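# Architecture and fold: a report
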Amino acid sequence: MELFPLLLLVLAFVALVVLPARARKRQQNQTQSALAIGVPVTMAGGVHATVAGLDDPETIQVEIAPGVVVTYARQAVIQVRQPAGAVSGPLATGESVVEEPVRDDRPGDGPSGKTL
């Protein structure tokens, strides 16, 4: 019975520290394996770029503007994004993509005629 509180502390440590760290590492490995030339990515700090080169196993070359290629550490890639115009999920035969109109609910001159 004296070891029960110690056992609870060890289980809490595993549940709160070790398991989330494993999940983050697994997610990072999936992101790294999805990298390929031409894939749009989001870098740490919010920079949106396109992968331009994968020559070095520790760095990645990304194009942040047409003709502007910079080198980042691979760990700086935080998200692999969908290419522009790509539709997420499969489409059924005969199904078309309808984009929702963008609503601007901010007050101001608009169709409702409301102004501040």
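Refer to the structure above for everything that follows.
A few points on the structure. (Residues numbered from 1 in each chain as written. Predicted model: local features only at pLDDT ≥ 70, side-chain atom pairs only at ≥ 80, totals over all residues. Heavy atoms only, no water.)

Another point: the overall build of the chain. Helix and strand counts for the chain come out as 1 helix and 5 strands. Secondary structure elements in the chain, listed N-terminal to C-terminal, are α-β-β-β-β-β. Here the chain, with 116 residues, has 16% of them falling under the buried criterion. Pairs at least 24 apart in sequence give 31% of the contacts found in the chain among residues at least 6 apart. When the accessible surface of the chain is split by element, carbon and sulfur atoms take 59% of a total near 9300 Å². (Helix = DSSP H or I, 4+ residues; strand = E, 2+ residues; numbered from the N terminus. Buried < 20%, exposed > 50% of the residue type's maximum accessible area, 1.4 Å probe, protein only. Contact = heavy atoms within 4.5 Å. Areas by Shrake-Rupley, 256 points an atom, 1.4 Å probe, with all protein chains shown as cover.)

Turning to the side chain of Thr31, a few remarks are in order. Among the structural elements, Thr31 can be located in helix α1 (residues 4–33). Excluding residues that lie within four positions of it along the chain, Thr31 makes contacts with Val77 and Val80.

With burial as the criterion, each face of strand β1 (residues 40–43) is covered, one bearing Pro40 and Thr42 and the other bearing Val41 and Met43. Summarising the sheet, β1 and strand β2 (residues 48–53) pair through 3 bridges and their orientation is antiparallel. When the bridges of β2 are listed, Val41 appears paired with Ala49. Remark: 4 residues form the turn of the hairpin made by β1 and β2, two consecutive strands paired antiparallel; Gly45 in that turn has positive phi of roughly 95 degrees. In this sheet, strand β5 (residues 77–80) lies alongside β1 in antiparallel orientation, the contact comprising 3 bridges. Within the sheet, the bridge partner assigned to Val41 lies in β5 and is Val80. (Pairing = 2+ DSSP bridges.)

Once that is clear, we can look at the environment of Gln28. Considering the arrangement of structural elements, one finds Gln28 in helix α1. Relative accessible area serves as the criterion here: at 28%, Gln28 is assigned to the partly exposed category. In sequence terms Gln28 and Arg74 are 46 residues apart; their C-alpha atoms lie 10.0 Å from each other.

When you line up the elements, Val70 lands in strand β4 (residues 68–73). Since its relative accessible area comes to 26%, Val70 is described here as partly exposed. Sequence separation between Val70 and Ala52 is 18 residues, and the spatial gap between their C-alpha atoms is 9.0 Å. In contact with Val70, not counting residues within four places along its chain, are Ile60, Gln61, Val62 and Ile64.

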